[in-house]
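Architecture and fold: a report
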Amino acid sequence: MRVLVVEDERRLAMALQRGLRAEGFDVDVALDGTLGLAMALEGGYDVIVLDIMLPGLNGYRVCARLRAAGDLTPILMLTAKDGEYDEAEALDTGADDYLTKPFSYLVLVARLRALLRRSGRTGGQPIGVGDLTILPAAHRCLRGDDEITLTPREFAILKLLAERPGEVVTKPQIIDEVWDQADEVDLNVVEVHVSALRRKIDAPYQRRSIETVRGVGYRLVADAP
Ligand code: CA
């Protein structure tokens, strides 16, 4: 996964580069908007982290020009809480998500992964857990040979669980990765969606593949008939 970080605060930019490299990303940094736009237009990035207040071109203009050029690389914009710019404007110019400074590094990584997932850039490899098959690129889910129709949200939750079979995924993690406005989502909403998923992928087949880990979250296991 190739990430472009466009950020003029050198220390922050370097810290992001180090941190994201440790997460396995390939990271390039641009310290101003003009260079950032040029690098982004060369293409090849899977996701762009874009500060708003930048010398040269500001983040809004970089974003708008990329979109005008038909470049749909997912963009996470960095906004400042007390700045004169706001989040709504970030989304208006074509950013996919935003994060307000100062932000937690863990949240940044989770948001980037969510963006990559939603954009289908994590690779469309089929994922199999028992006889459950998830085809990310085609947005399809199969139990054996049965096609199961899922809502986009249900699909995103199932895919998240399926990418970590046997591992517990917490409700906050699910919210962070599946919802855009994570801080507005109640934990109960996750339960509702998981119940709906179970009614589709488990109950009709007498399976219990989505296990509840009490007080923590859920895990997906291969449950044979
Ligand atoms: Ca800045």
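An account of the accompanying structure is given in this report. As the structure is a computational prediction, the values presented were derived from the model and not from experiment. (Residues numbered from 1 in each chain as written. Predicted model: local features only at pLDDT ≥ 70, side-chain atom pairs only at ≥ 80, totals over all residues. Heavy atoms only, no water.)

1. Things to note about the overall build of the protein chain
Helix and strand counts for the protein chain stand at 8 helices and 12 strands. Here the protein chain has a C-alpha radius of gyration of 19 Å; the compact-globule value for 225 residues is 17 Å, and the two agree. Each of the three principal axes of the protein chain carries a C-alpha extent, and together these read 60 × 35 × 30 Å. In the protein chain, buried positions account for 47% of the 225 residues. Summarising the internal contacts of the protein chain: among those between residues at least 6 apart in sequence, 54% fall at separations of at least 24. (Helix = DSSP H or I, 4+ residues; strand = E, 2+ residues; numbered from the N terminus. Rg over C-alpha atoms; globule rule 2.2 N^0.38 Å. Buried < 20%, exposed > 50% of the residue type's maximum accessible area, 1.4 Å probe, protein only. Contact = heavy atoms within 4.5 Å.)

2. Regarding the pairing of strand β12 (residues 217-220)
Here 2 bridges tie strand β10 (residues 169-170) to β12, and the two strands are oriented antiparallel to one another. Considered in β12, the bridge of Thr170 is made with Gly217. As defined by bridge partners, strand β11 (residues 210-213) adjoins β12 across 4 bridges and the pair is classed as antiparallel. When the bridges of β12 are listed, Ile210 appears paired with Leu220. In this structure, the hairpin formed by β11 and β12 is closed by a connection of 3 residues, where Gly215 is found at a positive phi of approximately 75°. (Pairing = 2+ DSSP bridges.)

3. With respect to the environment of Val168
By the secondary structure assignment, Val168 is in the loop between α6 (152-162) and β10. Using a relative accessible area of 30% as the deciding quantity, one classes Val168 as partly exposed. In this structure the C-alpha to C-alpha distance between Val168 and Gly217, which are 49 residues apart in sequence, comes to 6.2 Å. In contact with Val168, not counting residues within four places along its chain, are Gln173, Val213, Val216, Gly217, Tyr218 and Arg219.

4. Details of the coordination of the calcium ion
Around the calcium ion, the protein contributes the donor atoms Asp8 (OD), Asp51 (OD) and Met53 (O), which lie 2.1 to 2.3 Å from the metal centre. Motif for the calcium ion, donor spacing along one chain: D-x42-D-x1-M. For Met53, a relative accessible area of 46% translates into the label partly exposed. (Donors = N, O, S within 2.8 Å, 3.2 Å for Na, K, Ca; no water.)

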